[in-house]
Amino acid sequence: MEGIMEWKNSKKRISTGKDGIVRVLSPVTAAEIQAVEKERKAKNILLMAIPKEHMRRFHGMDDAKEIWESHQN
């Protein structure tokens, strides 16, 4: 069974196997690949701007929007 799941501010394709395990599928279309690349670049740019002593606070965050909103507070 395949479907699209919204994860934070991005959409991910998921597949559920017969054993019930949910897997996140890799991007297939050019638009999906570009979206993943843009998110990765934005996250890396934000993380480079954070001093090392504060890095632990942002380590577990998955996307650039979450890092930016947390940094604003």
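Residues numbered from 1 in each chain as written. Predicted model: local features only at pLDDT ≥ 70, side-chain atom pairs only at ≥ 80, totals over all residues. Heavy atoms only, no water.

### Examining the overall build of the protein chain
A count of helical and extended segments in the protein chain gives 3 helices and 3 strands. Ordering the α and β elements of the protein chain from the N terminus gives β-β-β-α-α-α. Counted over contacts in the protein chain with a minimum sequence separation of 6, partners at least 24 positions apart contribute 17%. Summing over all exposed atoms, the protein chain offers an accessible surface of approximately 6100 Å²; the carbon and sulfur share of this is 57%. (Helix = DSSP H or I, 4+ residues; strand = E, 2+ residues; numbered from the N terminus. Contact = heavy atoms within 4.5 Å. Areas by Shrake-Rupley, 256 points an atom, 1.4 Å probe, with all protein chains shown as cover.)

### Some points on the confidence of the model for the protein chain
Caution applies to low-pLDDT regions: their predicted coordinates should not be interpreted in detail. Residues with a pLDDT of 70 or more make up 82% of the protein chain, whose mean pLDDT is 78. The least confident element of the protein chain, judged by mean pLDDT, is strand S1 (residues 2–7) at 54; the most confident is helix H1 (residues 30–49) at 86. (pLDDT = per-residue confidence, 0-100.)

### Here's the deal with the packing of H1 against helix H3 (residues 64–72)
Here H1 crosses H3 at 30 degrees, and the two axes come no closer than 8 Å. Comparing the axis directions of H1 and H3 gives the class roughly parallel. Contact residues: H1 offers Glu39, Ala42, Lys43, Leu46 and Leu47, while H3 offers Ala64, Lys65, Ile67 and Trp68. Class assignment for the residues of the contact of H1 with H3 results in 6 nonpolar, no polar and 3 charged. (Axes fitted to C-alpha atoms, helices over the stretch in contact; angles between N-to-C directions. Parallel < 35°, antiparallel > 145°, perpendicular 65-115°, else oblique. Nonpolar A, V, L, I, M, F, W, Y, C, P; charged D, E, K, R; others polar.)

### Brief notes about H3
Residues lying three or four places apart along an α-helix face the same way, a consequence of the helix completing one turn every 3.6 residues. Among the residues of H3, Ala64, Ile67 and Ser70 are the ones counted as buried. Projection of H3 onto a plane perpendicular to its axis shows the buried side chains occupying an angular sector of 135 degrees, all on one side. Lining the buried residues of H3 we find H1 and helix H2 (55–58). (Buried < 20%, exposed > 50% of the residue type's maximum accessible area, 1.4 Å probe, protein only. Arc of directions from axis to C-beta.)

### Regarding the nonpolar core
It is characteristic of soluble globular proteins that their nonpolar side chains tend to be buried jointly. If you look at the biggest cluster of nonpolar residues, it comprises 7 residues: Leu46, Leu47, Ile50, Phe58, Met61, Ala64 and Ile67. Put simply, the parts of the chain that give this core at least two residues each are H1 and H3. (Core = buried A, V, L, I, M, F, W, Y, C linked by side-chain atoms within 4.5 Å.)

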